[in-house]
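Breakdown of the fold
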Amino acid sequence: MATTLTRGKYVLTRADPGGQSVVLTDGAVAQTDGEIVVAGDYADLRARFPDAEVVGNGRQFLMPGLVNAHHHGRGLSGLLLGQPDGGLETWINHSWGRRPVEPYAMMALTLMNLIRSGVTTVMFNQSAAVRGMVWDEAQANLRAFRDAGVRVAFSLAFKNQCYLIYGDDEDVLRRMPSDLADSLRGMIQGATIPTEDYLSMTADLIREYPADATDMVRVLYSPQSYHWADEETLGRMAELARRADVGIHTHAVESFYQRLYAERLHGQTPIRRLYEIGFLGPKVSLAHGVWLTRDDIALLAETGVSVSHNPSSNLRLRSGVAPVLEMHRQNVRVAIGTDSTSINDDDDLFQEMALAVRLHRPPGLAEPHLTSHQALHMATLGGAYETTFGEGLIGSLEPGKRADMLLLDWDRISSPYVAENLDVLDVLVARARAADVETVIVGGKTILDNREFRTIPTEDVLRAVREELSTPEPEELTRRRSLASSLEPYLRDYYADWAAPADPMYHYQSLT
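Reference entry: report on the structure contained in this document. (Residues numbered from 1 in each chain as written. Predicted model: local features only at pLDDT ≥ 70, side-chain atom pairs only at ≥ 80, totals over all residues. Heavy atoms only, no water.)

What follows is about the pattern of salt bridges. What the rule picks out here adds up to 32 salt bridges. Its salt-bridge partner being R151, residue D404 comes within 2.7 Å of it at the nearest N-O pair. Remark: R151 occurs in strand β8 (residues 151-156) and D404 occurs in the loop between α16 (381-386) and β14 (405-408); sequence separation between them is 253 residues. Exposure class is identical for D404 and R151. Each is buried. Among the ionic pairs, R451 bridges to E438, the shortest N-O distance being 3.5 Å. Of this pair, R451 sits in the loop between β16 (445-449) and β17 (452-453) while E438 sits in strand β15 (residues 437-442), placing them 13 residues apart in sequence. A relative accessible area of 12% means that E438 is categorised as buried. (Salt bridge = Lys/Arg side-chain N within 4 Å of Asp/Glu carboxyl O. Helix = DSSP H or I, 4+ residues; strand = E, 2+ residues; numbered from the N terminus. Buried < 20%, exposed > 50% of the residue type's maximum accessible area, 1.4 Å probe, protein only.)

Set out below in structure tokens:
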């Protein structure tokens, strides 16, 4: 069994949200066959393993691989493919006008972006596709993850209601001309996956990728959100997930409109409704959570639910700022993701951490703020919980864990000078970006070496995408874009009297 030493000027072995993170100076991590044996002083480990191959030059920053806890997998952003940014409720239907790309090539391009930013595990939620193509797309996506050597918590998104609005779609369809309404009904029908087909495909994937047989893939159930699946189906999925001992991943209160939907229908928040039907539990993860109440957060803490914070996406889609500080105060496990809608379209998880730290700094000297230690925990161990790979498998550089790690160019990060009194983790989160990632290792296997991909044929992928997109846009795409644009004013009218709840947890400014 061959042992490898990966060394660093600094080695973050474990990020602790309470500020007690473990950072070694002139340290190293020894791994054998993809499993970490020990982390410690480099000189001591070199003496202990004199024949081990050494990775790293001793001037870099070594840390656990990052976990992108919520992603939909688009190497080219929706914006670049024809979906303009906007508020979530109108933006989402403009996805009809997003130019399609062959799924394997698109997933490979996505993984290039993620690996470049130090991501070794992804919570990947495959968005609903054209009916009849879901299975083939899933197989292409999973093949791309396998070829790239990146871990994935994989799920197929499912919806069976509220395709156009949060409510009965006919309430908005009857407001418009019959020809437009008929066209939109056709769009809905073409994208609808029958419930039994969805459940069957997910069950087949769980059998194909059993959790006890692979450390690389976890398959989860994924109703797309509370409002997008009826309560009977949500309860059924929760029971199926428990029987199969797998996780559930779903969106939750991303916008205040989603919260108001449940409150208008049941007089309770979506989280309270999920709690009432027995949906919540320690293997459930929620994306966004922007409009949670304090009582909602208490329910998440009680049931052990994890939340993925997606700050860039929440800002771009005008959803708001999630109450992450209150989640931490109530001991909810929080992860971080880019949602394939990062601030610069690059899925840079280091930039996402920096944005989160700056975003959660409410005014007032007495107000708590998000720390670098918390952000790094969210991007490592928080994501390990959230993806259901678990703390025992990934998220830190400790004995028995999988050897998922990355080396950063500390010379550039600290150039031209960093005062010795600073916490190196504050410097790391403030200054590191994807461009600083030099080496990425998953399960002891190097997949990015000196910024060059070892597992992805970069030029072949780029050529395939360029060639596909160099052809004229399909006429059907123009029609779909026109439908989305024609629908938008009716959506705005439908939501015109849905006022935001007057209970924000952050107060950044007040205009009177």
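Structure shown, so let's carry the discussion forward.
Tracing the chain through its elements places T439 in strand β15. Taking the relative accessible area as the measure of exposure, T439 reaches 7% and is therefore buried. With residues up to four places along the chain from it excluded, the contact list for T439 reads M405, L406, L407, T446, L448, D449 and N450. (Contact = heavy atoms within 4.5 Å.)

With that out of the way, let us pick up empty space enclosed by the protein. According to the stated counting rule, one finds three cavities of 30 Å³ or more in the structure shown. Of the pockets and cavities examined, the largest cavity occupies roughly 70 Å³. What lines the largest cavity is simply E89, I92, N93, C162, Y163, L164, I165, Y166, W228 and Y495. Taken together, the residues of the lining of the largest cavity break down into eight nonpolar, one polar and one charged. Forming the walls of the second largest cavity are R74, G75, L76, S77, N113, S340, T341, S342, D345 and D347. (1 Å grid on protein atoms, 1.4 Å probe; cavity = no way out; pocket = protein on both sides within 12 Å on 5 of 7 lines; lining within 4 Å. Points joined across faces, edges and corners; volume = space filled by probe spheres on them. Nonpolar A, V, L, I, M, F, W, Y, C, P; charged D, E, K, R; others polar.)

Next up on the list: the packing of helix α15 (residues 372-379) against helix α18 (residues 424-431). For the pair α15 and α18, the least separation of the axes is 9 Å and the interaxial angle reads 65°. Considering only the axes of α15 and α18, their crossing is left-handed. In this structure, α15 contributes S372, H373 and L376 to the contact, and α18 contributes L425, D426, L428 and V429. The residue makeup of the contact of α15 with α18, split by class, is four nonpolar, two polar and one charged. (Axes fitted to C-alpha atoms, helices over the stretch in contact; angles between N-to-C directions. Left-handed = near helix turned anticlockwise from the far one by under 90°.)

This next bit is on the nonpolar core. Counting residues in each nonpolar core, the largest one holds 135 residues, and the members touching the most others are F61, M63, L111, I115 and L428. It is helix α3 (residues 103-116) that contributes the most residues to this core, nine residues altogether. Non-local contacts of F61, meaning those with residues more than four positions away in its chain, are made with Y10, L12, L406, L407, L408, W410, V424, L425 and L428. If you look at the next biggest cluster of nonpolar residues, it comprises 10 residues, including V29, I36, L62 and A403. (Core = buried A, V, L, I, M, F, W, Y, C linked by side-chain atoms within 4.5 Å.)

Moving on, we get to the layout of surface pockets. In this structure, the second largest pocket encloses a volume near 340 Å³. Along the wall of the second largest pocket there are 17 residues; nearest its centre are W291, V321, P504, M505 and Y506. Residues that form the lining of the second largest pocket fall into these classes: 11 nonpolar, three polar and three charged.

With that out of the way, let us pick up the pairing of strand β7 (residues 119-126). Most of β7 is tucked away, with eight of its eight residues classed as buried. Here strand β6 (residues 66-71) runs beside β7; their pairing, made up of four bridges, is parallel. Looking at β7, one finds that H71 is bridged to F124. Both β7 and β8 contribute to a ladder of six bridges, which runs parallel. Bridging from a neighbouring strand, T121 pairs with R151 of β8. (Pairing = 2+ DSSP bridges.)

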